[in-house]
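So you can see what is in the structure, the chains are spelled out below.
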Amino acid sequence: MFHTRLMAALAVAGLPAPHMARAAADGDARLWLNRLTFGTSAAEIAAFSALGAEGWLDRQLSLPVSDPGLEDRLSRARLRMVYPAGLDEHGSSWPAMDALRPLSALTADPETLLPLIDWTPGQGMDFTERIRPATEVIAASLIRAVHAEAQLREVMTQFWHDHFSVNALKDEYTAAFFASHDALLRQHALGNFRVLLGAVARSPAMLYYLNNVDSIASPANENYARELLELHTLGAGNYLNDRHQDWRAVPGATEGLAEGYLDLDVYEVARAFTGWSMGDGRWISEGETAPLTGRFHYVQRWHDPYQKRILGREFPPNRGPMEDGEEVLDLLASHPGTARFVCSKIARRLLSDDPPAALVDAMAQAFLSAKDAPDQIAQVLRVLVRAPEFAAPQQKLRRPFEFLAAIYRATGAEVQSVESGFHWQLTRAGWRQHEYGPPTGHPDRMPAWTGASTLNRYVDLALSGLDDWFDGAQANLTPLAQDSETAQDFATRQAEALAPGQGAAVAADLGQTLGFDAMTPASDYPPADRQALAQTAVAFAALTPEFLLR
């Protein structure tokens, strides 16, 4: 039909600098929905128009975690499990599997998942079974993004997945308990940051991923401590080891609240979290094992009880269970450096690659003022969306997962991904949903996603995302607006759903590319041909700046 590499080149050439992107023709509705949801849909635009901007935001911030409609979709979803018969080193065997299975791990009690990490004799199973909870979360993620009513909560859940990034498929231990990690991020996505931070610190998936599950005094494992400071709270910009060798030289340290952290603080934080482990039956000491709960478990005898100094604050020795770690979380969650780092990332995710400093300052102030509020994060979001800067024209490039979800939402598609084929397609574009390797999470600036190879993959997603073989979603685009609708009007309408104001130009390009008669009644085309024409119009529209940028 047309060469995908040529289309990629056209996409690169046509992508304007962020400040040149024009706002959508219908104003606030599309601007807000493109930034605060996974993409516009006819139903969402109608809801926004009926409620108004503030009413729509109030509703999104008040929707509960429970979503009966979404839960029904997830209960009906199936994931194909395929693996050959096998035999493990202990002689345990299992039969070949090729079956569609429900996403049962999403709501399973963590205790029931412990057999997935049990490698003792008699517990043999294919590795696909051991990592199944993580693959179920990945499969469910596209269903949630496209169909969740609480779109803002889902957007922020994805944000927190990148912020508190865990590679779900690092190993079977991380994978087995990843569903509960996903659930806690969703539960606290709009709530209190300190509560969220504490839940993440106890998350079995995080404990396994960053090895804190094995952290014992002398020496403590530093992986979690370093990422807690560098990625979860203060940020790398507040790492001051290259400027100060003595902790007393760090501004604020002698007053009990250092502006930034040194390597010494990393070591001390690691000591504070010794003993934060997992109830997985592990050996603790002679005659003592951890309980089999599948949940966080604190091991007092593993904790380093001696005095510590963190960010200039003195921690006395021999404190009660978990007091050291809890105070570290208190200290970091209320630190001005954390407020600015977290708020800059939120603004970057929802507004622009380089959000205005004054806006970030205002958000950080709200973050600190509401540090004890149950809706702290929601209050920060209100500051962002009420700011004049939020009315700026669309300028943020949709990353591959968001791009695909937005196509599906705009076309009213039904996600039916029994093979999770979409996941493999997204990895080709550099997006590894819930299995990004580094703990930094996916990059969130435009240059990371505008290389020629990546843009070729955008073209593939646009062209193939609605094809049956793609295993992503299905949308029936054949119905006519009216019996007299022409092929030109039919194609224009399909494109307008994605790129308002560009439909006529897209249809004209299609006419030249495909050579169809613009005035031919669309009803003259068989349904299969109308579907093909509509999908091509969607693909062309998806590769315009009006859709690529949000």
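Residues numbered from 1 in each chain as written. Predicted model: local features only at pLDDT ≥ 70, side-chain atom pairs only at ≥ 80, totals over all residues. Heavy atoms only, no water.

Chemist: Can you walk me through helix α18 (residues 400–411) in this structure?
Modeler: Given 3.6 residues per helical turn, the α-helix brings residues three or four places apart onto the same face. Across its twelve residues, α18 extends 17 Å between first and last C-alpha, which sits within 8% of the 16 Å expected from 1.5 Å per residue. Burial within α18 is extensive, with twelve of its twelve residues counted as buried. Pro400, Phe401, Glu402, Phe403, Leu404, Ala405, Ala406, Ile407, Tyr408, Arg409, Ala410 and Thr411 are the residues of α18 that are buried. Among the residues trailing α18, Gly412 stands out with phi positive, at a value near 70°. (Helix = DSSP H or I, 4+ residues; strand = E, 2+ residues; numbered from the N terminus. Expected span 1.5 Å × (residues − 1). Buried < 20%, exposed > 50% of the residue type's maximum accessible area, 1.4 Å probe, protein only.)

Chemist: Even after reading the chapter, I still don't get the nonpolar core, so can you show me in this structure?
Modeler: Burial of nonpolar side chains together is a common tendency in soluble globular proteins. By size, the foremost hydrophobic cluster in this structure holds 161 residues, and its most contacted members are Met156, Trp160, Ile346, Phe403 and Tyr408. Leave out the neighbours within four places in its chain, and Met156 touches Ala189, Leu190, Ile346, Leu350, Ile377 and Leu381. (Core = buried A, V, L, I, M, F, W, Y, C linked by side-chain atoms within 4.5 Å. Contact = heavy atoms within 4.5 Å.)

Chemist: Got a minute to help me understand the pattern of salt bridges in this structure?
Modeler: Two side chains bearing opposite charge may form a pair once their charged atoms approach each other closely. Overall, the coordinates contain 43 salt bridges when judged by the stated rule. Between Asp324 and Lys308 there is a salt bridge whose closest N-O contact spans 2.7 Å. Placement of the pair is Asp324 in helix α14 (residues 323–333) and Lys308 in strand β9 (residues 308–310), with a sequence separation of 16 residues. Of the two residues examined, Asp324 and Lys308, each falls in the buried class. The partner of Asp353 in a salt bridge is Lys396, with the nearest N and O atoms 2.6 Å apart. Of this pair, Asp353 sits in the loop between α15 (336–350) and α16 (357–369) while Lys396 sits in the loop between α17 (376–386) and α18, and the two are 43 residues apart along the sequence. For Asp353, a relative accessible area of 15% translates into the label buried. Overlapping salt bridges bring together Asp162, Arg349, Asp353, Lys396, Arg399, Glu402 and Asp444 as one network. (Salt bridge = Lys/Arg side-chain N within 4 Å of Asp/Glu carboxyl O.)

Chemist: For this particular structure, what's the right way to read the packing of aromatic side chains?
Modeler: Throughout the structure, instances matching the rule amount to 20 aromatic pairs. Between the aromatic rings of Phe193 and Phe367, the centroid separation amounts to 5.5 Å while the plane-to-plane angle is 55°, which identifies the pairing as tilted. On the criterion of sequence distance, the pair formed by Phe193 in helix α10 (residues 193–201) and Phe367 in helix α16 is long-range, its members being 174 residues apart. By way of ring pairs, the aromatic residues Phe159, Trp160, Phe164, Phe193 and Phe367 are connected into one cluster. The aromatic ring of Phe390 is capped on one face by Arg35, whose charged end is 5.3 Å from the ring centroid. In this structure, Arg130 packs its charged tip against the face of Trp119, placed 3.9 Å from the ring centre. (Phe/Tyr/Trp six-rings, centres within 6.5 Å; stacked < 30°, edge-to-face > 60°. Lys NZ or Arg CZ within 6 Å of the ring centre and 35° of its normal.)

Chemist: Which parts of the structure should I look at to understand the environment of Leu169?
Modeler: Inspection of the secondary structure assignment puts Leu169 in the loop between α7 (151–163) and α8 (172–176). Look at Leu169 and you get partly exposed, because its relative accessible area is 26%. A sequence separation of 199 residues divides Leu169 from Leu368, and the C-alpha atoms of the two residues are 35 Å apart.

Chemist: Would you mind going over the confidence of the model for the protein chain with me for this structure?
Modeler: Residues shown with low pLDDT carry predicted positions that ought not to be read at fine detail. The predicted model of the protein chain averages 93 in pLDDT, with 95% of residues at 70 or higher. Per-residue pLDDT stays below 50 along residues 1–14; that stretch engages in 21 contacts with residues further than four places along the chain or on separate chains. (pLDDT = per-residue confidence, 0-100.)

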